[in-house]
Number of protein chains: 2
Amino acid sequence: MTPVTHDLVHATQNAFGTGSLAAQIPFGLYIFKRLLSVGVKSIFGVPGDYNLKLLEHMYDDSLKDTNGSTVEWVGCCNELNAAYAADGYSRYTNGIGSVITTFGVGELGAISGLAGSCSEDVKVLHIVGIVDYEDNPEMRLRNVHHLVPRLNDSNFIGPDYRIYSEMVRDKIACSVEYLDDLNTACDKVDKVIEDIYKYSKPGYIFVPSAFVNQLVSSKNLVERPTISLQDSVTRTPPGEARKLTNKILDLLYRSSTPAIIGDVFCDRYGLTKELNDFMNRTGIVSFSSVMGKSVIDESSPLYMGLYNGRGHVPSVIEKFLSCDLILHFGIEKNEINYGNYTYPYNPDAKVVELHPAYIRFYDNLSKKEEIYRNVNFVDILRLLSEKIELEKLSLKYDSKFTPYNANDLKLDDQGFGNDETSDITQVYLQKHLPESLNPGDVLISDTGCFQFAIRDFKLPSQVKYIAQSIYLSIGMALPAALGVAKGMKDYPNLHILDYEKIEPDYQPRLILLEGDGAAQMTAQELSTIVRHQLPMEIFLWNNNGYTIERIIEGPTRPYNDIAHWKWTKLFEVFGDFDGKFSRNSILETRSQLLNKLSELKSRNSTSRKGVDFMEVRLATMDVPSQLSGLVKDLIKNKNYE
Amino acid sequence: MTPVTHDLVHATQNAFGTGSLAAQIPFGLYIFKRLLSVGVKSIFGVPGDYNLKLLEHMYDDSLKDTNGSTVEWVGCCNELNAAYAADGYSRYTNGIGSVITTFGVGELGAISGLAGSCSEDVKVLHIVGIVDYEDNPEMRLRNVHHLVPRLNDSNFIGPDYRIYSEMVRDKIACSVEYLDDLNTACDKVDKVIEDIYKYSKPGYIFVPSAFVNQLVSSKNLVERPTISLQDSVTRTPPGEARKLTNKILDLLYRSSTPAIIGDVFCDRYGLTKELNDFMNRTGIVSFSSVMGKSVIDESSPLYMGLYNGRGHVPSVIEKFLSCDLILHFGIEKNEINYGNYTYPYNPDAKVVELHPAYIRFYDNLSKKEEIYRNVNFVDILRLLSEKIELEKLSLKYDSKFTPYNANDLKLDDQGFGNDETSDITQVYLQKHLPESLNPGDVLISDTGCFQFAIRDFKLPSQVKYIAQSIYLSIGMALPAALGVAKGMKDYPNLHILDYEKIEPDYQPRLILLEGDGAAQMTAQELSTIVRHQLPMEIFLWNNNGYTIERIIEGPTRPYNDIAHWKWTKLFEVFGDFDGKFSRNSILETRSQLLNKLSELKSRNSTSRKGVDFMEVRLATMDVPSQLSGLVKDLIKNKNYE
């Protein structure tokens with residue numbers, strides 16, 4: 001199989017047919033041509049009267065790239081789900097995830113999805129179809145539908161057409177363009193896309209319905225056939241880049257036990273291959289972070305585990321605290337990703353934080369720091385790889401630096417036996433689920449208890465792991481899986497960087513892990529999965545409610561209960577009428593679980609079809625090992641039954 | 001049956017046990033005691049870690065009013081649905097609809113619901129559980145989960161804890177209090193409630209998790225046992241009120257063909273009974289508006305129909321244009337409610353617009369207007385009723401002023417015959433659905449084609465009609481019906497003002513009309529309806545997609561299609577496992593429809609149980625008569641098949 005290059009840019013560059021020089025085309029068509037030119041092949045959303053004219057342009061015959069691809073509309077059941085799907089599409093393709101809605105009802109429906117994409121640095125573009133009467137004296141006083149009127153004097157003063165754009169500007173989006181001038185509209189479309197790449201944050205374009213049929217020059221598409229991630233990122237001034245690279249190399253050459261952390265921005269800026277190559281060439285050990293899990297190929301003997309401060313696997317902590325130099329690539333500091341701000345280093349360690357907007361040198365002994373702004377780690381990593389002289393490294397890792405082994409979690413001590421008919425527990429899942437994954441699979445987890453377990457999985461080679469880590473909106477993963485599945489279909493094997501570690505002709509599985517409370521939030525999107533015939537495996541953790549909340553407060557309170565659903569019939573009501581698309585099962589015992597995991601793992605993958613949906617019955621207060629301490633405290637402190 | 005007074009205030013005043021004088025209670029308990037004191041018996045929402053401590057206070061033994069009622073938590077599947085449910089609860093009870101979420105993920109999930117409540121003047125209170133570290137030097141730099149970090153320098157600068165409150169303040173809520181001082185917290189809770197009543201717009205209270213267990217004085221609850229709608233509204237200065245009343249009476253006495261319009265603010269400010277009494281006492285004819293439909297009792301011989309400008313029933317237009325004085329009570333001017341701003345009057349007519357914040361006198365002949373600000377129509381209507389001298393009226397309505405008759409729509413000319421096995425059409429539904437309603441029923445419609453038909457229904461006496469009219473967010477009605485049903489259970493027959501027109505011991509039906517595309521948006525809330533065993537009838541219009549969009553653009557485009565669902569199995573998967581709660585049917589022919597309507601209408605109502613769910617099969621491009629012109633244009637202009 002010919003490898004697909006990781007960088008989407010190469011896949012699409014010059015793919016766009018230039019046609020006649022700077023032809024005049026409808027602005028709505030410009031938008032879709034531009035989206036297609038940056039690799040967007042699937043667009044998510046919901047139609048509404050203010051975006052219908054725009055959507056019509058998706059059907060223009062000239063909307064094809066030179067490979068013959070066009071965009072496909074993936075209509076979702078509601079706008080929040082569409083935003084989640086766009087997020088998933090971006091996370092898989094590392095390109096732009098696009099969602100189109102109508103203003104007011106649509107975009108406010110989607111807004112929590114965009115806030116999540118912002119929190120998680122995901123490249124989502126939200127195109128909002130609007131009506132714009134600001135400059136129309138006859139119309140501007142009218143309170144139109146979908147548009148919230150003024151709080152006062154709405155019968156006298158017209159609405160604020162920009163009200164919704166002002167809610168998001170500089171808050172949850174790095175770039176917001178409210179198009180009010182057709183002459184600059186194309187430039188603004190391009191600018192928002194560029195900004196999304198540059199800052200790895202969402203962007204918005206508000207498109208008046210009246211613009212989309214008007215003609216604009218297509219010259220931007222000719223002069224700039226595509227807009228690539230690499231061309232869009234902020235560049236470090238070369239002198240500064242060299243100076244900082246040398247500073248880091250200096251530290252490296254003097255270090256005995258350096259470590260790399262592969263964090264989230266490595267994924268977002270397309271540096272996964274570079275970072276793994278750097279690790280492999282140098283022999284420097286690596287750790288993962290919560291948000292960065294699966295950047296580092298965990299099958300490497302250099303992978304030491306996920307470090308997240310004190311509350312983590314003791315052997316991993318021990319190794320991390322023995323490192324005298326930490327190179328933290330693509331760092332995000334937040335409660336979840338930085339050990340709740342208790343993130344110990346070796347007392348003598350030197351730390352280098354490498355971020356898209358700064359480099360920070362920190363000496364844990366002297367407590368001194370130096371911060372360099374307006375420098376981008378993208379350039380530093382590249383220069384490090386170019387400039388490093390391997391013979392100058394003198395790495396001295398002692399015997400504790402063994403490859404990460406999930407046995408370090410000591411799950412067998414958690415008290416489950418070999419009884420095949422016993423109940424399935426989260427700890428049992430922790431032990432057996434990772435082994436059931438194949439190299440190259442794609443794993444998505446929703447927010448909930450089990451998400452904590454995944455931190456300490458040892459993932460097979462090139463398993464891509466996707467989850468919301470800091471915004472933590474339950475329900476996000478289900479529609480995100482729709483987006484990921486579309487991304488996998490549009491760009492098969494895009495996440496595979498080293499085919500030698502994958503079975504020949506292997507078609508990666510997409511595996512979604514969903515909590516019951518989470519799934520109820522967004523369940524209707526299963527019907528879109530049916531409609532688009534997207535293959536995946538779904539494990540639904542049925543533990544009767546919001547267990548993640550129960551362990552914090554109110555374990556037996558009704559507010560932590562949820563409605564009872566017949567989970568294994570959902571696909572039938574949502575469109576799989578003849579039962580040929582989905583295979584539904586309930587897993588209640590360990591042997592049932594193991595049999596299913598084994599079946600899924602070893603299934604002939606030549607052509608993945610349909611969905612396997614497994615409702616896994618779990619006890620209400622059962623949690624993975626990482627949370628068991630929390631539960632013990634709860635029992636002790638609250639005397640609940 | 002003892003009538004329940006329309007004004008919730010009387011129902012709850014002095015219902016709250018005062019207990020010991022100004023006892024110290026936890027602030028979280030204060031919140032629920034205050035909510036209960038204003039008549040909130042059901043609260044909608046989703047738990048999240050930042051609101052769990054607050055929710056615990058719902059279970060305090062002292063949380064009971066003197067009737068022994070307490071609050072009930074209605075956990076919803078997601079936050080948008082919870083906001084819609086709170087909206088429905090408020091619309092039915094005319095009190096406060098309450099929704100509680102956690103910040104970020106929860107409140108942004110709900111925000112479109114609140115924007116809709118704002119657009120539609122519905123009294124919804126959104127309580128957001130937050131964490132607040134602003135004043136905590138150790139914590140304030142931390143990026144906590146659910147909270148979007150700063151767009152720049154988030155690894156150095158802590159988040160803006162107020163980011164979400166700033167998105168809504170002065171935009172979609174009349175009152176936003178971000179509690180940061182325990183000493184003023186109770187006052188602020190009371191203030192927001194008062195503001196919601198005063199402006200008939202939503203309000204927000206952001207409650208730090210750290211506050212809810214801290215003790216506060218309960219003196220507000222002692223000094224002010226309840227906060228009533230009537231006490232909260234802005235009062236007109238008495239002199240001004242008398243002057244304006246006399247001005248209006250003067251116009252009335254000199255008028256021959258005056259008319260009343262009962263518009264939306266009459267409902268929101270609890271004036272339905274007063275307005276109908278005024279109409280009946282004076283014999284002045286009345287019209288409805290789109291947003292105000294069902295304020296005026298349509299069984300009255302004085303009801304002339306719904307007027308909405310040019311594009312309406314000819315006989316209604318004729319009558320309206322013969323009126324020489326229009327008293328438009330509770331007016332809202334927007335695209336939907338004011339004839340798309342083409343709202344003709346008789347050339348010689350005088351118009352009086354009566355609004356909560358202004359009175360406007362307009363002379364259609366001279367085109368002169370006088371506007372009086374800071375005057376509230378609530379006071380004016382009351383004074384008009386008190387001061388009017390009936391003998392001074394000289395009404396001269398000619399023979400065209402016949403009571404509104406749905407036959408005026410001339411539906412029989414729309415070309416359907418008497419073939420019982422024929423397909424059901426929207427026009428057929430228009431004709432037969434209204435006849436199937438009983439006096440006192442409650443009707444809710446979602447946004448969509450059929451909503452246009454309802455405008456011209458002649459509703460039986462005291463049928464309460466609920467719909468989103470201007471925000472028009474499809475899917476809203478389904479969870480709103482949950483809220484309405486809870487309201488009907490908490491306050492049985494609250495909407496019945498005249499028992500003589502209702503069957504003895506009649507238990508009003510709740511009837512929900514849903515489009516298929518709309519239902520897919522929020523369908524999971526059916527499971528909450530099952531969970532709470534709330535009785536209702538649901539008609540699901542299955543016409544294969546977004547027909548309301550099809551008639552605007554892209555009638556055969558895939559983007560207007562939706563996924564196919566097995567609608568009549570939804571209740572089973574959503575919790576009605578043994579099939580005892582729901583009765584599901586598919587209606588495809590006219591005789592099936594008529595039989596079902598007849599069955600539902602005449603069913604013994606002594607105890608309504610369960611849900612009747614009817615999937616009604618309709619043709620894809622079939623629309624009610626009001627939209628048939630639009631469809632004809634579409635066919636003519638677009639040559640679609």
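Residues numbered from 1 in each chain as written. Chains lettered and ligands numbered in written order. Predicted model: local features only at pLDDT ≥ 70, side-chain atom pairs only at ≥ 80, totals over all residues. Heavy atoms only, no water.

Going by what an unreviewed UniProt entry lists, chain A is known as Pyruvate decarboxylase and is assigned to Torulaspora globosa. In the Sequence similarities (unreviewed entry) part of its UniProt record, chain A is described as follows: "Belongs to the TPP enzyme family." (UniProt positions renumbered as here; feature names shortened; annotations may be inferred.)

Enquirer: Can you break down the overall build of chain A residue by residue, with the values?
Expert: Within chain A, the regular secondary structure consists of 23 helices and 21 strands. Since a compact globule built from 641 residues should have a radius of gyration of about 26 Å, the 25 Å found for chain A is in line with a globular shape. Taking the principal axes of the C-alpha coordinates as reference, chain A spans close to 75 × 65 × 55 Å. A burial count over chain A gives 67% of its 641 residues as buried. Contacts in chain A between residues at least 24 apart in sequence constitute 77% of all its contacts with a sequence separation of at least 6. Averaged over its 67 positive side-chain charges, chain A has a centre that lies 3 Å from the centre of its 83 negative ones. (Helix = DSSP H or I, 4+ residues; strand = E, 2+ residues; numbered from the N terminus. Rg over C-alpha atoms; globule rule 2.2 N^0.38 Å. Buried < 20%, exposed > 50% of the residue type's maximum accessible area, 1.4 Å probe, protein only. Contact = heavy atoms within 4.5 Å. Lys, Arg positive; Asp, Glu negative; His and termini not counted. Charge placed at Lys NZ, Arg CZ, Asp CG, Glu CD.)

Enquirer: Could you give an account of the relation of the copies chain B and chain A, with specific residues and numbers?
Expert: When chain B is brought onto chain A, the operation consists of a screw motion whose angular component is 180° and whose axial shift is 0.0 Å, with 0.0 Å RMSD remaining. Given the turn and translation reported, the copies of this chain are related as if by a two-fold rotation axis. Relative to the rotation axis, the C-alpha of Met167 of chain B is the closest in chain B, positioned 2.5 Å from it. Most of the interface of chain B is mirrored in chain A, where 100% of its interface residues again form contacts. (Least-squares fit on C-alpha atoms with pLDDT ≥ 70 in both.)

Enquirer: Please set out the interface of chain B and chain A residue by residue, giving values where relevant.
Expert: The partner chain A presents 93 residues to the 93 residues of chain B that form the contact. Approximately 8000 Å² of surface area, both sides summed, lies buried where chain B meets chain A, with 60% of it carried by carbon and sulfur atoms. The largest contributions to the chain B side of the interface with chain A come from Leu151, Asn155 and Tyr559 of chain B, which together make up 9% of the buried area. At the junction of chain B and chain A, the tally comes to 8 salt bridges. For Glu572 of chain A, the salt bridge is made with Lys566 of chain B, and the minimal N-O distance between the two is 2.9 Å. The tally of links from chain B across to chain A stands at 47 residue pairs in polar contact (both at pLDDT 80 or more). Those elements giving two or more residues to the side of chain B that touches chain A turn out to be α3 (52-56), α5 (105-119), α6 (163-168), β15 (368-373), α18 (516-522), α19 (526-531) and α21 (570-573) of chain B. Taken together, the residues of the side of chain B that touches chain A sort by class into 48 nonpolar, 23 polar and 22 charged. (Buried area = accessible area lost by both parts, 1.4 Å probe. Salt bridge = Lys/Arg side-chain N within 4 Å of Asp/Glu carboxyl O. Polar contact = N/O pair within 3.5 Å; in protein donor to acceptor, adjacent residues only side chain to side chain. Nonpolar A, V, L, I, M, F, W, Y, C, P; charged D, E, K, R; others polar.)

Enquirer: Before we move on, could you go through unusual backbone geometry and cite the residues and values that matter?
Expert: Although it is not a glycine, Asn340 of chain B adopts a positive phi angle of roughly 55°. Looking at where Asn340 of chain B falls in the secondary structure, it is placed in the loop between β12 (325-329) and β13 (350-354).

Enquirer: Give me the UniProt feature "domain: Thiamine pyrophosphate enzyme N-terminal TPP-binding" (unreviewed entry) in chain A: which residues, what numbers.
Expert: The sites that carry the UniProt feature "domain: Thiamine pyrophosphate enzyme N-terminal TPP-binding" (unreviewed entry) are, in the present numbering, residues 30-137 of chain A. Structurally, residues 30-137 of chain A is divided into 40% helix and 19% strand, and its ends, taken at the C-alpha atoms, are 29 Å apart.

Enquirer: Any details on the side chain of Ser98 of chain A? Residues and values, ideally.
Expert: All names here are of chain A. Examined against the element boundaries, Ser98 turns out to sit in strand β4 (residues 97-102). Note on Ser98: relative accessible area 0%, which makes it buried. Beyond its immediate chain neighbours, meaning those up to four positions away, Ser98 contacts Leu35, Val40, Ile43, Phe44, Ala86 and Leu125.

Enquirer: Please give an account of the state of the cysteines that cites residues and values.
Expert: Residue and element names in this part refer to chain A. Taken as a whole, this structure holds 0 disulfides over all chains when the rule is applied. Lacking any disulfide linkage, Cys77 is separated from the closest cysteine sulfur, that of Cys76, by 7.2 Å. Summary of cysteine pairing: Cys323 is not part of a disulfide, and the nearest cysteine sulfur, belonging to Cys266, is at 17 Å. Judged by relative accessible area, which is 0%, Cys323 ranks as buried. (Disulfide = S-S within 2.5 Å.)

Enquirer: Got a sec to walk through the nonpolar core? Specific residues and values, please.
Expert: If you look at the biggest cluster of nonpolar residues, it comprises 146 residues, and the most contacted ones within it are Tyr204 of chain A together with Tyr204 of chain B. Discounting residues that sit within four places of it in the chain, Tyr204 of chain A has contacts with Ile111, Leu114, His126, Val128, Val168, Ile172, Ala173, Ser175, Val176, Glu177 and Val192 of chain A. (Core = buried A, V, L, I, M, F, W, Y, C linked by side-chain atoms within 4.5 Å.)

Enquirer: Explain helix α4 (residues 79-93) of chain A to me, and be specific about the residues and the numbers.
Expert: Residues and elements named next belong to chain A. Across its 15 residues, α4 extends 21 Å between first and last C-alpha, which sits within 8% of the 21 Å expected from 1.5 Å per residue. The buried count for α4 comes to 15 of 15 residues, which makes it a mostly enclosed element. Backbone geometry just after α4 places Asn94 at a positive phi near 60°. (Expected span 1.5 Å × (residues − 1).)

Enquirer: Account for the pattern of salt bridges, with residues named and values stated.
Expert: Working definition: two side chains of opposite charge can pair if their charged atoms are close together. All names here are of chain B. The tally for this structure, following the rule as stated, stands at 82 salt bridges over all chains. Between Arg254 and Asp250 there is a salt bridge, with the nearest N and O atoms lying 2.8 Å from each other. The exposed category is assigned to Arg254, whose relative accessible area is 59%. Of the residues examined, Asp250 reaches a relative accessible area of 38% and is grouped as partly exposed. The salt bridge partner of Arg617 is Glu588, with a shortest N-O separation of 3.2 Å. In this pair, Arg617 is assigned in strand β21 (residues 611-617) and Glu588 in the loop between β20 (582-587) and α22 (590-602), connecting sequence segments 29 residues apart.

Enquirer: Give me the environment of Tyr164 of chain B: which residues, what numbers.
Expert: Residue and element names in this part refer to chain B. In this structure, Tyr164 sits in helix α6. Judged by its relative accessible area of 1%, Tyr164 is buried. In this structure the C-alpha to C-alpha distance between Tyr164 and Ala481, which are 317 residues apart in sequence, comes to 28 Å.

Enquirer: If you had to explain the packing of helix α10 (residues 238-253) of chain B against helix α14 (residues 377-387) of chain B to someone new, which residues and values would you point to?
Expert: All names here are of chain B. Between α10 and α14, whose axes approach to 9 Å, the crossing angle comes to 60°. For the element pair α10 / α14, the angle class is oblique. At the point where α10 passes α14, the crossing takes the right-handed sense. Only Ile380, Leu383, Leu384 and Lys387 of α14 make contact with α10, whose side of the interface consists of Ala241, Arg242, Leu244, Thr245, Ile248, Leu249 and Tyr253. Split into classes, the residues belonging to the contact of α10 with α14 amount to 8 nonpolar, 1 polar and 2 charged. (Axes fitted to C-alpha atoms, helices over the stretch in contact; angles between N-to-C directions. Parallel < 35°, antiparallel > 145°, perpendicular 65-115°, else oblique. Left-handed = near helix turned anticlockwise from the far one by under 90°.)

Enquirer: Go over the environment of Thr568 of chain A with me, naming the residues and quoting the values.
Expert: All names here are of chain A. Mapped onto the fold, Thr568 is located in the loop between α20 (547-550) and α21 (570-573). Through-space distance from the C-alpha of Thr568 to that of Ile586 is 7.3 Å; in sequence the pair is 18 residues apart. Ignoring any residue separated from it by four or fewer positions in sequence, one finds Thr568 in contact with Asn584, Ser585, Ile586, Phe613 and Glu615.

Enquirer: Can you lay out the sheet that holds strand β16 (residues 442-445) of chain A for me, pointing to particular residues and giving the numbers?
Expert: Residues and elements named next belong to chain A. The 6 strands lie next to each other as β17-β16-β18-β19-β21-β20, forming an open sheet whose pairing is parallel. At either margin of the open sheet sits one strand with a lone partner, and together these are β17 (464-467) and β20 (582-587). Neighbour-to-neighbour, the strand axes of the sheet open up by a mean angle of 15°, direction not taken into account. On the sheet, α4 packs against β16 and β17 and is oriented at approximately 155° with respect to β17. Sheet strands touched by helix α22 (residues 590-602): β19 (536-542), β20 and β21 (611-617). Its angle to β20, the strand with the most contacts, is close to 150°. (Pairing = 2+ DSSP bridges.)

Enquirer: Break down the packing of aromatic side chains for me, citing the residues and quoting the values.
Expert: Tallied over the entire structure, the rule returns 62 aromatic pairs over all chains. Each ring, one from Phe287 of chain A and one from Phe320 of chain A, has its centre 5.1 Å from the other, and the planes form 80°; the classification is edge-to-face. With Phe287 of chain A in strand β10 (residues 285-288) and Phe320 of chain A in helix α13 (residues 314-320), this residue pair connects regions lying 33 residues apart in the sequence. Taking relative accessible area as the criterion, Phe320 of chain A reaches 0% and is therefore assigned buried. Each ring, one from Tyr559 of chain A and one from Tyr59 of chain B, has its centre 6.0 Å from the other, and the planes form 35°; the classification is tilted. Here Tyr559 of chain A, found in the loop between α20 and α21, pairs with Tyr59 of chain B, found in the loop between α3 and β3 (72-75), and the two come from separate chains. (Phe/Tyr/Trp six-rings, centres within 6.5 Å; stacked < 30°, edge-to-face > 60°.)

Enquirer: I'd like a description of the pairing of strand β7 (residues 203-208) of chain A, backed by residues and values.
Expert: Residue and element names in this part refer to chain A. Across the 6 residues of β7, 6 count as buried, placing the element largely inside the fold. Residues of β7 alternate between two faces, with Gly203, Ile205 and Val207 on one and Tyr204, Phe206 and Pro208 on the opposite face, all of them buried. For strand β5 (residues 124-130) and β7, the ladder comprises 6 bridges, and the chain directions are parallel. Within β7, the residue paired with Leu125 across the bridge is Gly203. For strand β6 (residues 175-178) and β7, the ladder comprises 4 bridges, and the chain directions are parallel. Paired with Val176 across the bridge in β7 is Tyr204. Following the backbone out of β6, through helix α7 (residues 182-199) and into the adjacent parallel β7, one traces a crossover that is right-handed. (Right-handed = clockwise from strand over helix to strand, strands pointing away.)

Enquirer: Run through the packing of helix α2 (residues 27-37) of chain B against helix α7 (residues 182-199) of chain B, naming residues and quoting values.
Expert: Residue and element names in this part refer to chain B. With their axes 11 Å apart at the nearest point, α2 and α7 run at an angle of 20° to one another. Here α7 runs roughly parallel to α2, going by the angle between their axes. Considering the relative orientation of α2 and α7, their crossing is right-handed. Residue-level contacts link Phe27, Tyr30, Ile31, Arg34 and Leu35 of α2 to Leu182, Ala185, Cys186, Val189, Asp190 and Ile193 of α7. Here the contact of α2 with α7 is built from residues that sort into 9 nonpolar, no polar and 2 charged.

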